[in-house]
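Single-letter residue listing:
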Amino acid sequence: MIKLMTPGPTQVRENVRLSRSMETTNPDLDVDFYNDYHALCKQIGDMLHTKNLVYIMSGEGILGLEASCASITEPGDKVLVLDNGIFGKGFGDFVSIYGGIPVYYSDSYEHEINVERLASFLESHHDFKYATLVHCDTPSGVLNEIDKICPLLHNYGIMTVVDAVSSMFGEPIDVDKSKIDILCGASQKVISAPPGLTFLTVSKSTLHCMENRTTPIASFYANILNFKDYYKKKWFPYTMPISDIYGLQTAIENIKKDKKIYQRHKKIASCVRNAVISSGLELYIKSGYSSTVTVIKVPDVLNCCDILTILKEKYHILIAGGFDILENKVIRIGHMGENCNIDDVAETLDALSRTFELLHYPLEKNLKTSFITSLESYEESYVDTL
Ligand SMILES: *Cc1c(COP(=O)(O)O)cnc(C)c1O
């Protein structure tokens, strides 16, 4: 058995797996299923503090990002793409595919977006239909302040599409207070269900904008409007993956019952970072640390693949490397959702220390030991808002 410690997909609890094996009905024809789906959407909305509409779509997280761009973008629309990470930049591709013109606002990949600098840019550049941004850009682990950035964009009448796939329920999010028009999540990160579902919270004004387009939405599967009247009409645009949704229901209940979820993510992340620093290794980013993933630089003399291979073959633990511009440069520990527990994180850090030793790169301090010491002296200063 391999222990999954990647920043998604994450470990899946047994009750979620069992829910996926329940007997199924015909989700197109059975009204009970519409009620279950509707209640689950409402539950997700409540936990994100929003009265906006919530839709669960069949497809991995990427579908949510693409569907947002597909449904809003009309040919020639100018879209502000906030780029301080690989996912942030990648949003521009979806904008282009649907005929929009991405305007990249790029900031350092080693820090969260500097809000003051963005504010002064917006003073003279604000002619955008919408903006895209990422809450936690998972490849680097940087966390952007969506609670400051989205209201700022909203003041200029710029709609916001936020990728919160790897932060949702690991970092507090208040959609309505932050004036987020579309927030995208997915099943396989903190939520800890298998990959396959994406969900979106959509503001009424954004739906209104989609309905008043002059050109049709150039997609069927990625067309958010197709979901708009599903409950009234008892009609889904395509047959819903019922077993995935049963699994999601249980995963969401698990989160709902977990009263210290944000607190635990924050504490474990902070202690992992302390351990990395005391070991003499280096964190990839310099500020704006997410509580869901820690990204560590691979020392120049080592090879990323060797580290990952030893961890997997000898210690049966899977963590992630980097991709795109971070390929071979970093390793990433996903301490999110079911992965976010002291035992699994401690075991991973211990195995990682031993791996470095095997590669003749002994660390200044054992990662697990510093992690435990750091947990003992950690001062709780946090109230959960789920
Ligand atoms: C995981 C993730 C997605 C989904 O993308 P995949 O590469 O298919 O896993 C989208 N955005 C963010 C920020 C993610 O972490």
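Residues numbered from 1 in each chain as written. Predicted model: local features only at pLDDT ≥ 70, side-chain atom pairs only at ≥ 80, totals over all residues. Heavy atoms only, no water.

Under the convention used in this document: UniProt positions are given in the numbering used here, feature names are shortened, and annotations may be inferred rather than shown by experiment.
If you check an unreviewed UniProt entry, the protein chain appears there as Alanine--glyoxylate aminotransferase family protein from Candidatus Galacturonatibacter soehngenii. Reading the Sequence similarities (unreviewed entry) entry of the UniProt record for the protein chain gives the comment "Belongs to the class-V pyridoxal-phosphate-dependent aminotransferase family." Per UniProt, the protein chain has the following entry under Cofactor (unreviewed entry): "pyridoxal 5'-phosphate".

Describing the state of the cysteines
Where we set the bar: Throughout, a disulfide means two cysteine sulfur atoms within 2.5 Å of one another. Summary of the burial criterion: residues with accessible area below 20% of their type's maximum are buried, those above 50% are exposed, and those between are partly exposed, where the area comes from a 1.4 Å probe applied to protein chains only.
The tally for this structure, following the rule as stated, stands at 0 disulfides. For cysteine 184, which is in no disulfide, the shortest distance to another cysteine sulfur is to cysteine 69 and amounts to 8.0 Å. Residue cysteine 184 is classed as buried on the basis of its relative accessible area of 0%. Looking at the unpaired cysteine 304, the closest cysteine sulfur is the one in cysteine 305, lying at 5.7 Å.

Quick word on the site of the ligand
Put simply, the rule reads: Only heavy atoms are used to decide nearness, and a residue is near a molecule or strand if one of them lies within 4 Å of it. Here a polar contact is recorded for every N or O atom pair within 3.5 Å, except that within protein the pair must consist of a potential hydrogen donor and a potential acceptor, and residues adjacent in sequence are included only if both atoms are side-chain atoms. Accessibility throughout is a Shrake-Rupley quantity obtained with a 1.4 Å probe, and a residue counts as covered only by protein chains that appear here.
Within the structure, the ligand sits among Glu60, Ile62, Phe87, Cys136, Thr138, Asp163, Val165, Ser166, Gln188 and Lys189. Within the side chain of glutamate 60, a nitrogen or oxygen atom sits 2.9 Å from an oxygen atom of the ligand. In the model, a nitrogen atom of the ligand is placed 2.6 Å from a nitrogen or oxygen of the aspartate 163 side chain. Burial of the ligand by the surrounding chains reaches 80%, relative to a free accessible area of 370 Å².

Describing the sheet that holds strand E4 (residues 101-106)
The test is simple: We call two strands paired when DSSP finds no fewer than two bridges between them. Numbering of helices and strands runs from the N terminus; a helix is a DSSP stretch of H or I covering at least four residues, while a strand is a stretch of E covering at least two. Between the N-to-C directions of two axes lies an angle of 0 to 180 degrees, each axis being a line fitted to C-alpha atoms and, for a helix, fitted only over the stretch in contact.
Spatial ordering of the open sheet is given by E2-E10-E9-E8-E5-E3-E4, a layout of 7 strands whose pairing is mixed. Of all strands in the sheet, those with a lone pairing partner are strand E2 (53-58) and E4, marking the two edges. The average angle at which neighbouring strand axes cross in this sheet is 20°, direction not considered. By the bridge criterion, 6 bridges tie strand E3 (residues 78-83) to E4 in an arrangement that is parallel. Opposite valine 81, over in E4, you have tyrosine 104 as the bridge partner.

Some details on empty space enclosed by the protein
One water molecule sets the probe size; rolling that probe over the atoms shows where empty space is left. Using the following cut-off: Definitions used for this entry: grid spacing 1 Å over protein atoms alone; cavity, a set of points where a 1.4 Å probe fits but cannot get out; pocket, an open set with protein on both sides within 12 Å along at least 5 of 7 lines; lining residue, one with an atom within 4 Å of a point. Grid points are joined across faces, edges and corners, and a volume is the space filled by probe spheres set on the points. Under the scheme applied here, ten amino acids are nonpolar (Ala, Val, Leu, Ile, Met, Phe, Trp, Tyr, Cys and Pro), four are charged (Asp, Glu, Lys and Arg), and all others, including Gly, are polar.
Enumeration over the complete set of coordinates arrives at 2 cavities of 30 Å³ or more. Here the largest cavity is characterised by a volume of approximately 60 Å³. Every residue lining the largest cavity is listed: Ser140, Gly141, Arg273, Leu283, Tyr284, Ile285, Tyr289, Ser290, Val293, Thr294 and Val295. Sort the elements by how many residues they give to the lining of the largest cavity and strand E11 (residues 293-297) lands first, with 3 residues. When its residues are assigned to classes, the lining of the largest cavity shows 6 nonpolar, 4 polar and 1 charged. Looking at the second largest cavity, its volume works out to about 30 Å³. The wall of the second largest cavity is formed by Arg20, Ser187, Ala193, Pro194, Pro195, Leu197 and Asp244. Taken together, the residues that form the lining of the second largest cavity break down as 4 nonpolar, 1 polar and 2 charged.

Brief notes about the packing of aromatic side chains
Put simply, the rule is: Planes of paired rings set the category: under 30 degrees apart is stacked, over 60 is edge-to-face and the rest tilted, where pairs are Phe, Tyr or Trp rings (Trp by its six-membered ring) whose centres lie within 6.5 Å. Placement of a positive charge over a ring is assigned whenever Lys NZ or Arg CZ falls within 6 Å of the ring centre and within 35 degrees of the normal to the ring plane.
In total, this model carries 14 aromatic pairs according to the counting rule given. Relative to tyrosine 238, the ring of phenylalanine 227 has its centre 5.8 Å away and its plane inclined at 80°; by these criteria the two rings are edge-to-face. In this pair, phenylalanine 227 is assigned in the loop between helix H7 (204-211) and helix H8 (230-233) and tyrosine 238 in the loop between H8 and helix H9 (242-257), connecting sequence segments 11 residues apart. Linked through ring pairs, Phe33, Tyr34, Tyr37, Tyr55, Tyr221, Phe227, Tyr230, Tyr231, Phe236 and Tyr238 together constitute an aromatic cluster. Taking the ring centre of tyrosine 231 as reference, the NZ or CZ of lysine 234 above it sits at 3.7 Å.

Description of the layout of surface pockets
Definition in use: Segmentation into domains, and thus their bounds, comes from an automatic or database assignment.
Considering only enclosed or pocket space, the largest pocket measures out at about 500 Å³ in volume. Lining the largest pocket are 22 residues, with His135, Leu143, Asp147, Glu171 and Pro172 positioned closest to its centre. Contributions of two or more residues to the lining of the largest pocket are made by helix H6 (146-155) and helix H10 (261-279). Broken down by element, the residue count for the lining of the largest pocket peaks at 4 residues, all from H10. Each residue belonging to the lining of the largest pocket can be placed in one class, and the counts come to 7 nonpolar, 6 polar and 9 charged. Mapping the lining of the largest pocket onto the domain boundaries places at least three of its residues in each of domain 1 (13-257) and domain 2 (261-384). Quantified by volume, the second largest pocket comes out at close to 320 Å³. The dominant element in the lining of the second largest pocket, judged by the number of residues it contributes, is helix H2 (residues 31-47), at 5 residues. A breakdown of the residues in the lining of the second largest pocket according to their chemical character gives 6 nonpolar, 4 polar and 6 charged.

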